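Descriptive analysis of the structure
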Amino acid sequence: MPSRPRLLRVGDVVRFDGRLHMVAALEGTAVRLVDEAQSASVVMLAHLLSSSGFKVVTPASVRTVVPAAGVLVGLPAKAVERAEWWQRHLVEMLTGRPLEDPQGPVRSEYDPAVRSLRQRELAKAAELAAAGHSTSLALIQRMRRRFENEGVLGLVDPRLRAASDGTSRADRRVVEALRKVVEDQTGRSTVSAQVLRRGMERLLETEHGPGVVPLPSRTAFYRLLKAVSSGRHTLGSARTRRSLAKQPDGMFGQLTAVRPGEVMEIDSTPLDVLVVHDDGTVDTVELTGIIDIATRTLAAAVLRPSTKAVDAALLLARAMTPEPMRPGGRTPCGCPARSCHTPHSRRWTNVWPRRQPSP
(Lines give C-alpha, C1' and ligand atoms only; values in the text may rest on other atoms or scores of the structure.)
Protein backbone atom coordinates (compact mmCIF):
# COMPACT_ATOMS: atom_id res chain seq x y z
CA MET A 1 0.00 0.00 0.00
CA PRO A 2 1.31 3.50 -0.78
CA SER A 3 2.09 6.04 1.87
CA ARG A 4 -0.12 9.02 2.57
CA PRO A 5 -0.54 11.06 -0.66
CA ARG A 6 -0.04 14.78 -0.71
CA LEU A 7 -3.40 15.45 -2.34
CA LEU A 8 -6.97 14.54 -1.47
CA ARG A 9 -9.58 14.12 -4.16
CA VAL A 10 -13.33 13.83 -4.15
CA GLY A 11 -14.28 10.16 -3.92
CA ASP A 12 -11.29 9.07 -1.83
CA VAL A 13 -11.99 6.73 1.09
CA VAL A 14 -10.13 7.76 4.26
CA ARG A 15 -9.89 6.43 7.79
CA PHE A 16 -10.55 9.13 10.36
CA ASP A 17 -11.66 9.00 14.01
CA GLY A 18 -11.68 5.19 13.89
CA ARG A 19 -14.20 5.01 11.01
CA LEU A 20 -14.17 4.94 7.22
CA HIS A 21 -15.30 8.11 5.47
CA MET A 22 -15.65 9.13 1.85
CA VAL A 23 -14.51 12.59 0.73
CA ALA A 24 -17.71 14.17 -0.59
CA ALA A 25 -16.42 17.68 -1.28
CA LEU A 26 -13.38 19.93 -0.89
CA GLU A 27 -14.24 23.55 -0.07
CA GLY A 28 -11.14 25.66 0.44
CA THR A 29 -9.54 24.44 3.68
CA ALA A 30 -12.60 22.38 4.69
CA VAL A 31 -13.29 18.75 3.83
CA ARG A 32 -16.81 17.32 3.80
CA LEU A 33 -16.83 13.65 4.89
CA VAL A 34 -19.59 11.04 4.77
CA ASP A 35 -19.18 7.95 6.96
CA GLU A 36 -20.60 4.45 6.48
CA ALA A 37 -23.82 5.45 8.24
CA GLN A 38 -24.33 8.28 5.68
CA SER A 39 -23.65 10.88 8.37
CA ALA A 40 -22.00 14.01 6.98
CA SER A 41 -19.42 16.13 8.77
CA VAL A 42 -17.07 18.99 7.92
CA VAL A 43 -13.44 18.86 9.10
CA MET A 44 -10.65 21.36 8.58
CA LEU A 45 -8.04 19.98 6.22
CA ALA A 46 -5.11 20.74 8.54
CA HIS A 47 -6.83 18.95 11.42
CA LEU A 48 -7.67 15.98 9.22
CA LEU A 49 -4.14 15.49 7.90
CA SER A 50 -2.49 15.92 11.33
CA SER A 51 -4.88 13.69 13.29
CA SER A 52 -3.60 10.36 14.58
CA GLY A 53 -4.95 7.34 12.77
CA PHE A 54 -5.68 9.25 9.56
CA LYS A 55 -5.07 7.18 6.47
CA VAL A 56 -6.11 7.23 2.83
CA VAL A 57 -7.57 3.84 2.04
CA THR A 58 -8.06 4.43 -1.69
CA PRO A 59 -5.02 3.05 -3.55
CA ALA A 60 -3.02 5.52 -5.61
CA SER A 61 -3.60 3.48 -8.77
CA VAL A 62 -7.36 4.04 -8.46
CA ARG A 63 -7.18 7.79 -7.87
CA THR A 64 -7.51 8.88 -11.47
CA VAL A 65 -10.00 11.00 -13.35
CA VAL A 66 -11.41 9.13 -16.33
CA PRO A 67 -12.80 11.30 -19.14
CA ALA A 68 -16.31 10.72 -20.40
CA ALA A 69 -16.92 8.24 -23.19
CA GLY A 70 -17.74 11.15 -25.50
CA VAL A 71 -14.05 11.44 -26.36
CA LEU A 72 -14.44 8.26 -28.46
CA VAL A 73 -16.99 9.84 -30.79
CA GLY A 74 -15.81 9.77 -34.41
CA LEU A 75 -13.36 6.89 -33.98
CA PRO A 76 -13.80 3.56 -35.80
CA ALA A 77 -16.33 1.21 -34.22
CA LYS A 78 -13.77 -1.56 -33.71
CA ALA A 79 -11.38 0.82 -31.94
CA VAL A 80 -14.16 2.03 -29.63
CA GLU A 81 -15.22 -1.55 -28.84
CA ARG A 82 -11.62 -2.52 -28.08
CA ALA A 83 -11.10 0.53 -25.82
CA GLU A 84 -14.29 -0.20 -23.87
CA TRP A 85 -13.22 -3.85 -23.47
CA TRP A 86 -9.90 -2.76 -21.98
CA GLN A 87 -11.65 -0.23 -19.77
CA ARG A 88 -13.89 -2.88 -18.18
CA HIS A 89 -10.95 -5.14 -17.36
CA LEU A 90 -8.69 -2.35 -16.11
CA VAL A 91 -11.34 -0.83 -13.85
CA GLU A 92 -12.01 -4.24 -12.36
CA MET A 93 -8.28 -4.79 -11.84
CA LEU A 94 -7.72 -1.39 -10.21
CA THR A 95 -10.82 -1.17 -8.02
CA GLY A 96 -11.82 -4.80 -7.54
CA ARG A 97 -15.37 -4.05 -8.73
CA PRO A 98 -16.91 -4.34 -12.21
CA LEU A 99 -17.39 -1.13 -14.18
CA GLU A 100 -21.13 -1.82 -14.47
CA ASP A 101 -21.55 -2.27 -10.68
CA PRO A 102 -19.18 0.13 -8.83
CA GLN A 103 -20.97 -0.52 -5.51
CA GLY A 104 -20.99 -4.30 -5.84
CA PRO A 105 -18.87 -6.82 -3.94
CA VAL A 106 -15.11 -6.76 -4.38
CA ARG A 107 -13.53 -9.76 -6.10
CA SER A 108 -10.96 -11.33 -3.81
CA GLU A 109 -8.25 -11.62 -6.48
CA TYR A 110 -8.55 -7.89 -7.26
CA ASP A 111 -9.10 -6.50 -3.77
CA PRO A 112 -6.80 -3.44 -3.43
CA ALA A 113 -6.86 -3.79 0.36
CA VAL A 114 -5.14 -7.20 0.36
CA ARG A 115 -3.53 -7.49 -3.09
CA SER A 116 -0.67 -5.43 -4.46
CA LEU A 117 -0.88 -3.90 -7.91
CA ARG A 118 1.47 -6.49 -9.40
CA GLN A 119 -0.54 -9.36 -7.92
CA ARG A 120 -3.69 -7.94 -9.48
CA GLU A 121 -1.94 -7.50 -12.82
CA LEU A 122 -0.75 -11.12 -12.75
CA ALA A 123 -4.26 -12.29 -11.85
CA LYS A 124 -5.75 -10.33 -14.75
CA ALA A 125 -3.15 -11.68 -17.18
CA ALA A 126 -3.96 -15.24 -16.08
CA GLU A 127 -7.70 -14.59 -16.40
CA LEU A 128 -7.40 -13.20 -19.93
CA ALA A 129 -5.07 -16.01 -20.99
CA ALA A 130 -7.55 -18.58 -19.68
CA ALA A 131 -10.32 -16.87 -21.67
CA GLY A 132 -8.30 -17.21 -24.89
CA HIS A 133 -7.06 -13.62 -25.22
CA SER A 134 -3.43 -13.18 -26.29
CA THR A 135 -2.24 -10.65 -23.71
CA SER A 136 0.91 -10.40 -21.65
CA LEU A 137 1.82 -8.78 -18.35
CA ALA A 138 3.81 -6.08 -20.15
CA LEU A 139 0.81 -5.22 -22.35
CA ILE A 140 -1.51 -5.00 -19.33
CA GLN A 141 0.94 -2.72 -17.52
CA ARG A 142 1.31 -0.48 -20.58
CA MET A 143 -2.47 -0.21 -21.05
CA ARG A 144 -2.92 0.46 -17.35
CA ARG A 145 -0.44 3.38 -17.44
CA ARG A 146 -2.10 4.85 -20.52
CA PHE A 147 -5.51 4.48 -18.86
CA GLU A 148 -4.35 6.26 -15.70
CA ASN A 149 -2.73 9.12 -17.64
CA GLU A 150 -5.24 9.68 -20.45
CA GLY A 151 -8.40 7.87 -19.46
CA VAL A 152 -10.36 5.76 -21.91
CA LEU A 153 -8.90 7.70 -24.86
CA GLY A 154 -5.46 6.35 -23.98
CA LEU A 155 -6.73 2.84 -24.77
CA VAL A 156 -7.18 3.73 -28.43
CA ASP A 157 -4.40 3.14 -30.94
CA PRO A 158 -2.46 6.45 -31.18
CA ARG A 159 -2.42 6.14 -34.98
CA LEU A 160 -6.21 6.34 -35.02
CA ARG A 161 -6.28 9.34 -32.68
CA ALA A 162 -3.91 11.49 -34.75
CA ALA A 163 -5.72 13.73 -37.18
CA SER A 164 -4.54 13.58 -40.79
CA ASP A 165 -2.61 16.67 -41.90
CA GLY A 166 -2.47 15.79 -45.59
CA THR A 167 1.19 14.69 -45.51
CA SER A 168 0.82 11.04 -44.51
CA ARG A 169 2.18 9.65 -47.81
CA ALA A 170 5.12 12.03 -48.12
CA ASP A 171 8.62 11.33 -46.88
CA ARG A 172 8.90 12.53 -43.28
CA ARG A 173 12.27 14.12 -44.01
CA VAL A 174 10.78 16.17 -46.83
CA VAL A 175 7.86 17.24 -44.64
CA GLU A 176 10.09 18.33 -41.77
CA ALA A 177 12.41 20.28 -44.09
CA LEU A 178 9.48 22.07 -45.72
CA ARG A 179 8.00 22.94 -42.33
CA LYS A 180 11.28 24.52 -41.26
CA VAL A 181 11.40 26.58 -44.45
CA VAL A 182 7.79 27.72 -43.98
CA GLU A 183 8.40 28.67 -40.34
CA ASP A 184 11.53 30.64 -41.25
CA GLN A 185 9.49 32.55 -43.82
CA THR A 186 7.20 34.05 -41.16
CA GLY A 187 9.26 37.16 -40.49
CA ARG A 188 10.53 37.64 -44.03
CA SER A 189 9.17 39.08 -47.24
CA THR A 190 6.80 37.00 -49.34
CA VAL A 191 8.47 34.83 -51.98
CA SER A 192 7.20 32.40 -54.59
CA ALA A 193 6.65 28.69 -54.11
CA GLN A 194 9.71 27.90 -56.24
CA VAL A 195 11.93 29.85 -53.85
CA LEU A 196 10.56 27.80 -50.97
CA ARG A 197 11.18 24.60 -52.94
CA ARG A 198 14.82 25.50 -53.55
CA GLY A 199 15.21 26.32 -49.87
CA MET A 200 13.78 22.92 -48.95
CA GLU A 201 16.15 21.16 -51.35
CA ARG A 202 19.19 22.98 -49.94
CA LEU A 203 18.13 22.07 -46.40
CA LEU A 204 17.74 18.39 -47.33
CA GLU A 205 21.19 18.35 -48.93
CA THR A 206 22.73 19.98 -45.86
CA GLU A 207 21.13 17.59 -43.37
CA HIS A 208 21.15 14.28 -45.32
CA GLY A 209 23.57 14.78 -48.21
CA PRO A 210 23.07 15.32 -51.96
CA GLY A 211 20.69 12.87 -53.61
CA VAL A 212 19.94 10.90 -50.43
CA VAL A 213 16.32 12.02 -50.00
CA PRO A 214 14.08 11.62 -53.08
CA LEU A 215 12.46 14.92 -53.99
CA PRO A 216 8.73 15.19 -54.74
CA SER A 217 7.45 16.16 -58.15
CA ARG A 218 6.20 19.66 -58.83
CA THR A 219 2.57 18.66 -58.39
CA ALA A 220 3.33 16.72 -55.20
CA PHE A 221 5.34 19.65 -53.83
CA TYR A 222 2.48 22.12 -54.35
CA ARG A 223 0.09 19.72 -52.67
CA LEU A 224 2.52 19.26 -49.78
CA LEU A 225 3.12 23.01 -49.47
CA LYS A 226 -0.64 23.63 -49.31
CA ALA A 227 -0.96 21.14 -46.45
CA VAL A 228 2.06 22.40 -44.48
CA SER A 229 1.30 26.12 -44.88
CA SER A 230 -2.41 25.82 -44.15
CA GLY A 231 -3.51 28.83 -42.07
CA ARG A 232 -0.06 30.49 -42.21
CA HIS A 233 -0.62 32.78 -45.22
CA THR A 234 2.85 31.83 -46.47
CA LEU A 235 2.35 32.97 -50.08
CA GLY A 236 0.14 35.93 -49.17
CA SER A 237 0.59 39.24 -47.40
CA ALA A 238 3.63 39.39 -45.11
CA ARG A 239 1.78 41.63 -42.65
CA THR A 240 -1.08 39.13 -42.36
CA ARG A 241 1.40 36.27 -41.98
CA ARG A 242 3.17 37.98 -39.07
CA SER A 243 -0.14 38.84 -37.44
CA LEU A 244 -1.32 35.22 -37.64
CA ALA A 245 1.98 34.00 -36.16
CA LYS A 246 1.39 36.14 -33.05
CA GLN A 247 -1.94 34.50 -32.25
CA PRO A 248 -1.98 32.17 -29.23
CA ASP A 249 -1.96 28.44 -29.86
CA GLY A 250 -4.96 27.79 -27.59
CA MET A 251 -8.57 28.68 -28.17
CA PHE A 252 -9.96 32.07 -27.23
CA GLY A 253 -12.08 31.95 -24.08
CA GLN A 254 -14.40 34.18 -22.09
CA LEU A 255 -13.08 35.92 -18.98
CA THR A 256 -15.49 37.10 -16.30
CA ALA A 257 -14.45 39.89 -13.92
CA VAL A 258 -16.55 40.64 -10.82
CA ARG A 259 -14.35 43.09 -8.88
CA PRO A 260 -13.18 46.56 -9.95
CA GLY A 261 -9.59 46.45 -11.06
CA GLU A 262 -9.54 42.65 -11.36
CA VAL A 263 -9.04 42.70 -15.13
CA MET A 264 -7.94 45.74 -17.10
CA GLU A 265 -7.61 45.83 -20.88
CA ILE A 266 -5.45 48.20 -22.92
CA ASP A 267 -6.23 48.85 -26.55
CA SER A 268 -5.39 51.42 -29.23
CA THR A 269 -7.48 52.66 -32.12
CA PRO A 270 -6.76 55.27 -34.81
CA LEU A 271 -9.10 58.26 -34.83
CA ASP A 272 -10.44 59.41 -38.18
CA VAL A 273 -9.69 63.09 -37.47
CA LEU A 274 -6.88 65.47 -38.32
CA VAL A 275 -5.13 67.39 -35.55
CA VAL A 276 -2.31 69.92 -35.37
CA HIS A 277 0.72 68.48 -33.60
CA ASP A 278 3.25 70.36 -31.49
CA ASP A 279 5.58 70.79 -34.47
CA GLY A 280 2.84 72.35 -36.58
CA THR A 281 2.18 69.34 -38.79
CA VAL A 282 -1.33 68.09 -39.44
CA ASP A 283 -1.88 64.35 -39.09
CA THR A 284 -4.09 61.73 -37.44
CA VAL A 285 -3.71 60.47 -33.87
CA GLU A 286 -4.27 57.22 -31.98
CA LEU A 287 -6.34 56.87 -28.85
CA THR A 288 -4.97 54.40 -26.28
CA GLY A 289 -7.14 53.61 -23.28
CA ILE A 290 -7.28 51.25 -20.33
CA ILE A 291 -10.74 49.89 -19.48
CA ASP A 292 -11.93 48.18 -16.32
CA ILE A 293 -13.82 45.08 -17.44
CA ALA A 294 -15.90 44.73 -14.26
CA THR A 295 -17.27 48.30 -14.19
CA ARG A 296 -16.94 49.07 -17.93
CA THR A 297 -15.28 52.38 -17.10
CA LEU A 298 -12.42 54.13 -18.85
CA ALA A 299 -9.70 54.44 -16.21
CA ALA A 300 -7.29 56.50 -18.32
CA ALA A 301 -6.60 57.46 -21.92
CA VAL A 302 -3.87 59.18 -23.95
CA LEU A 303 -3.71 60.67 -27.45
CA ARG A 304 -0.51 60.08 -29.37
CA PRO A 305 0.56 60.37 -33.04
CA SER A 306 1.52 56.68 -32.79
CA THR A 307 1.22 54.43 -29.75
CA LYS A 308 4.46 53.21 -28.19
CA ALA A 309 5.37 50.96 -25.28
CA VAL A 310 5.93 53.91 -22.95
CA ASP A 311 2.26 54.84 -23.33
CA ALA A 312 1.28 51.68 -21.45
CA ALA A 313 3.30 52.82 -18.44
CA LEU A 314 1.72 56.28 -18.70
CA LEU A 315 -1.74 54.72 -18.72
CA LEU A 316 -1.01 52.74 -15.56
CA ALA A 317 0.31 55.87 -13.82
CA ARG A 318 -2.78 57.87 -14.74
CA ALA A 319 -5.16 55.06 -13.79
CA MET A 320 -3.57 54.72 -10.33
CA THR A 321 -3.32 58.45 -9.66
CA PRO A 322 -6.48 60.61 -9.58
CA GLU A 323 -6.30 63.98 -11.29
CA PRO A 324 -6.03 66.14 -8.11
CA MET A 325 -3.13 64.04 -6.81
CA ARG A 326 -0.98 64.47 -9.92
CA PRO A 327 1.76 67.12 -10.06
CA GLY A 328 0.05 70.33 -11.03
CA GLY A 329 -3.38 68.79 -10.53
CA ARG A 330 -6.38 70.87 -9.50
CA THR A 331 -9.45 70.20 -7.35
CA PRO A 332 -13.02 70.50 -8.72
CA CYS A 333 -13.12 74.16 -7.69
CA GLY A 334 -10.13 74.93 -9.91
CA CYS A 335 -7.59 75.49 -7.11
CA PRO A 336 -4.22 73.71 -6.96
CA ALA A 337 -4.56 70.53 -4.89
CA ARG A 338 -1.78 71.54 -2.44
CA SER A 339 -3.18 74.98 -1.65
CA CYS A 340 -6.97 74.57 -1.76
CA HIS A 341 -8.61 74.82 1.68
CA THR A 342 -12.25 74.32 0.74
CA PRO A 343 -14.07 71.43 2.47
CA HIS A 344 -14.34 69.36 -0.67
CA SER A 345 -10.54 69.27 -1.00
CA ARG A 346 -9.77 67.79 2.42
CA ARG A 347 -9.73 64.26 1.10
CA TRP A 348 -6.95 65.25 -1.31
CA THR A 349 -4.84 67.39 1.02
CA ASN A 350 -4.52 64.58 3.56
CA VAL A 351 -2.45 62.49 1.15
CA TRP A 352 0.41 64.96 0.85
CA PRO A 353 3.45 64.60 3.17
CA ARG A 354 3.56 68.20 4.36
CA ARG A 355 0.97 69.46 6.79
CA GLN A 356 -1.84 71.59 5.34
CA PRO A 357 -3.39 74.57 7.15
CA SER A 358 -6.88 74.19 8.50
CA PRO A 359 -9.74 75.44 6.31
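Now for a description of the structure that goes with this document. None of these values were measured; they are calculated from a predicted model. (Residues numbered from 1 in each chain as written. Predicted model: local features only at pLDDT ≥ 70, side-chain atom pairs only at ≥ 80, totals over all residues. Heavy atoms only, no water.)

A short note on the side chain of His-89
Which entries qualify depends on this criterion: Numbering of helices and strands starts at the N terminus; helices are DSSP runs of H or I of at least 4 residues and strands are runs of E of at least 2. Under the scheme applied here, a residue whose accessible area is under 20% of the maximum for its type counts as buried, over 50% as exposed, and between as partly exposed, the area being computed with a 1.4 Å probe on protein chains only. The term polar contact refers here to a pair of N or O atoms within 3.5 Å; inside protein, the definition further demands a hydrogen-donor-capable atom paired with an acceptor-capable atom, and it admits residues adjacent in sequence only when both atoms are side-chain atoms. Note on contacts: a residue pair is in contact if any heavy atoms of the two residues lie within 4.5 Å.
Note on placement: His-89 falls in helix 2 (residues 77-95). By relative accessible area, His-89 is classed as buried at 16%. At 3.3 Å, the side chain of His-89 and the side chain of Trp-85 are in polar contact. Leaving out residues up to four positions away in the same chain, His-89 has contacts with Lys-124 and Leu-128.

Some remarks on the pairing of strand 6 (residues 264-276)
Quick reminder of the rule: Whether two strands pair comes down to DSSP finding at least two bridges between them.
Pairing analysis gives 10 bridges linking strand 6 to strand 7 (residues 282-292), with the strands arranged antiparallel. When the bridges of strand 7 are listed, Ser-268 appears paired with Thr-288. With antiparallel pairing between neighbouring strands as the criterion, strand 6 and strand 7 make up a hairpin whose turn holds five residues, including Gly-280 at a positive phi of roughly 90°.

Digging into the packing of helix 2 against helix 3 (residues 117-130)
Note the following rule: An axis is simply a line fitted to the C-alpha atoms; with a helix, the fit covers only the stretch in contact. Between two such axes, the angle follows the N-to-C directions and lies from 0 to 180 degrees. Orientation is classified from the angle alone, with under 35 degrees giving roughly parallel, over 145 giving roughly antiparallel, 65 to 115 giving roughly perpendicular, and any other angle giving oblique. Handedness of a crossing is defined here by the sense of rotation of the near helix relative to the far one, left-handed for an anticlockwise turn of less than a right angle and right-handed for a clockwise turn. Under the grouping applied here, Gly and all other residues not named as nonpolar or charged are polar, the nonpolar ones being Ala, Val, Leu, Ile, Met, Phe, Trp, Tyr, Cys and Pro and the charged ones Asp, Glu, Lys and Arg.
Between helix 2 and helix 3, the least distance of the axes is 9 Å, while the angle of their chain directions is 140°. Relative to helix 3, helix 2 is oriented oblique. By crossing handedness, the relation of helix 2 to helix 3 is classed as right-handed. Taking contact as the criterion, the partners of Trp-85, His-89, Glu-92, Met-93 and Leu-94 in helix 2 are, on helix 3, Leu-117, Arg-120, Glu-121, Lys-124, Glu-127 and Leu-128. Split into classes, the residues belonging to the contact of helix 2 with helix 3 amount to five nonpolar, one polar and five charged.

Quick word on the sheet that holds strand 7
Spatially, 6-7-8 is the arrangement adopted by the three strands of the open sheet, whose pairing is antiparallel. Looking at the sheet topology across the chains shown, the edges are occupied by strand 6 and strand 8 (297-304). Shown here is a sheet whose adjacent strand axes are inclined to one another by a mean of 20°, direction ignored. Relative to strand 8, strand 7 is paired through seven bridges, and the arrangement is antiparallel. Among the inter-strand pairings, Thr-288 is bridged to a residue of strand 8, identified as Val-302. Strands strand 6, strand 7 and strand 8 of the sheet are contacted by helix 10 (residues 309-320), whose axis makes an angle of about 140° with strand 8.

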